[in-house]
Amino acid sequence: MDFGVFPVRLSDFLSEHLIILDLDVENKIDAFKAMVSSMAQHRVVNEPKTFLDEVIAREAIEPTCIGRGIALPHTRTRCVDRPIIAFARNQRGIPFTPTRTEEVQLIFMMGTPKDEANQYLQILARLCRLLRRNDFRDHLLAAPTPKAILQLFDDFDSPLN
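Here's what I pulled together on the structure shown here. Just so we're clear, the structure is a prediction, and the values are computed from it rather than from any experiment.

One pass over the structure, following the stated rule, counts seven salt bridges. Note that Glu59 and Lys28 form a salt bridge whose closest N and O atoms lie 3.3 Å from each other. Pair noted here: Glu59 is in helix 2 (residues 48–61) and Lys28 is in helix 1 (residues 28–41), with a separation of 31 residues, a long-range link. For Lys28, a relative accessible area of 17% gives the class buried. Residue Lys49 is joined to Asp53 by a salt bridge in which the shortest nitrogen-to-oxygen separation is 2.9 Å. Pair noted here: Lys49 and Asp53 are both in helix 2, with a separation of four residues, about one helical turn.

Written as structure tokens, this is what we have:
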């Protein structure tokens, strides 16, 4: 599927306030709770409990870990007014499935308005394309500040990369 030139950058959906670099939890549900709490605190999600329940329900259908220490929990929802991405990093790694031994260190939680399926697919495809790059993932693991994370997206997220 070709989406052509993406009209906006992924960094348009991120903010420093939604980046947690020292997520200290033991499991994915606690990770989701911490991320949704941050989203609610910064007023980018209304009805945080509903949003959390939707993310957990989506995760129950099929775990969102995609390999390489990455998970992309997401939902199309009425709880957001525009697409939003929260990012959390856990250096230790969090188990995401009962059968997989690989643990997740990089979590991108995405919420998009329910009626914007095309934009949802574009954002998810663009994020996956970036996350396939070893150098990008390495930089995400090493970035010292939320501002540095945003800069990485600005540096790597272009049609020419």
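Glancing now at the pairing of strand 5 (residues 84–95). Remark: a regular strand shows side chains that alternate across the two faces of the sheet. A large share of strand 5 lies buried, amounting to nine of its twelve residues. Where strand 5 lies against strand 6 (residues 103–113), eight bridges are found, and the strand directions are antiparallel. Residue pairing for strand 6: Ile94 is matched across the bridge by Val104.

Following the criterion strictly, the structure yields five aromatic pairs and no others. Seen from their ring centres, Phe87 and Phe108 are 4.7 Å apart, and the 40 degrees between their planes marks the pair as tilted. On the criterion of sequence distance, the pair formed by Phe87 in strand 5 and Phe108 in strand 6 is long-range, its members being 21 residues apart. An angle of 75 degrees between the planes, with centres 6.1 Å apart, marks the rings of Phe108 and Phe153 as edge-to-face. Of this pair, Phe108 sits in strand 6 while Phe153 sits in helix 5 (residues 146–156), and the two are 45 residues apart along the sequence. For the pair shown, Phe108 and Phe153 are each scored as buried. Chaining the aromatic ring pairs together yields one cluster made of Phe87, Phe108, Phe136, Phe153 and Phe156.

Quick notes on the rules
- Residues numbered from 1 in each chain as written.
- Predicted model: local features only at pLDDT ≥ 70, side-chain atom pairs only at ≥ 80, totals over all residues.
- Heavy atoms only, no water.
- Salt bridge = Lys/Arg side-chain N within 4 Å of Asp/Glu carboxyl O.
- Helix = DSSP H or I, 4+ residues; strand = E, 2+ residues; numbered from the N terminus.
- Buried < 20%, exposed > 50% of the residue type's maximum accessible area, 1.4 Å probe, protein only.
- Pairing = 2+ DSSP bridges.
- Phe/Tyr/Trp six-rings, centres within 6.5 Å; stacked < 30°, edge-to-face > 60°.

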